[in-house]
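Here are the chains, one letter per residue:
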Amino acid sequence: QVQLVESGGGLVQAGGSLRLSCAASGRTFSSYAMGWFRQAPGKEREFVAAISWSGGSTYYADSVKGRFTISRDNAKNTVYLQMNSLKPEDTAVYYCAVGHGGPLAGSYDYWGQGTQVTVSS
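On a predicted model such as this, the values are computed, not experimentally measured, just so you know. (Residues numbered from 1 in each chain as written. Predicted model: local features only at pLDDT ≥ 70, side-chain atom pairs only at ≥ 80, totals over all residues. Heavy atoms only, no water.)

Another point: the state of the cysteines. Scanning the model with the defined rule gives 1 disulfide in all. One disulfide bridge connects Cys22 with Cys96, the sulfur atoms lying 1.9 Å from each other. Here the S-S torsion is close to 40°, and the disulfide linking Cys22 with Cys96 is therefore right-handed. Highlighted residues: Cys22 in strand β3 (residues 18-25) and Cys96 in strand β9 (residues 92-99), separated in sequence by 74 residues. Considered together, Cys22 and Cys96 belong to a single accessibility category, that of buried residues. (Disulfide = S-S within 2.5 Å. Helix = DSSP H or I, 4+ residues; strand = E, 2+ residues; numbered from the N terminus. Buried < 20%, exposed > 50% of the residue type's maximum accessible area, 1.4 Å probe, protein only.)

Structure representation (structure tokens):
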């Protein structure tokens, strides 16, 4: 059974940093792209960042470009999201996903349960 488990969320003040992790189990994901999405209350799920299977290509939403960094460790089946200079508008539940990559949620086949990130002003 495929399982994605996110961790690292929490409460942080504006301007602070958090590092999210997503550990995959049940199969090897080194041949697949991995991504992060987020969903704020009352809003649709939105793309945050994605990384190719090799880690050689990364993609970011304009809203996080320059502040967030996605990376992966295929030996550990884990993807990370380093979030710096956090803003209150970054507050959301963050989800990791595995699939074919890109900014569309429909391109991903497996999803984690989400981790809450709250940024106070």
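Still more ground to cover, so stick around.
A separate point is the sheet that holds β3. The 4 strands are arranged β1-β3-β8-β7 in an open sheet whose pairing can be described as antiparallel. At either end of the open sheet lies a strand with only one pairing partner, and these are β1 (3-7) and β7 (68-73). For this sheet, the mean inter-axis angle between neighbouring strands, taken without regard to orientation, is 15°. Pairing between β3 and strand β8 (residues 78-83): 6 bridges, direction antiparallel. By the bridge assignment for β8, Ser21 is matched with Tyr80. (Pairing = 2+ DSSP bridges. Axes fitted to C-alpha atoms, helices over the stretch in contact; angles between N-to-C directions.)

One can find Arg72 in strand β7. Buried within the structure, Arg72 lacks any salt-bridge partner; Asp73 is the closest side chain of opposite charge, at an N-O distance of 8.2 Å. Of note is the side chain of Arg72, whose polar atom sits 2.8 Å from the backbone oxygen of Ser52. Here the side chain of Arg72 touches Asn74 through a polar contact of 2.7 Å, side chain to side chain. (Lys, Arg positive; Asp, Glu negative; His and termini not counted. Salt bridge = Lys/Arg side-chain N within 4 Å of Asp/Glu carboxyl O. Polar contact = N/O pair within 3.5 Å; in protein donor to acceptor, adjacent residues only side chain to side chain.)

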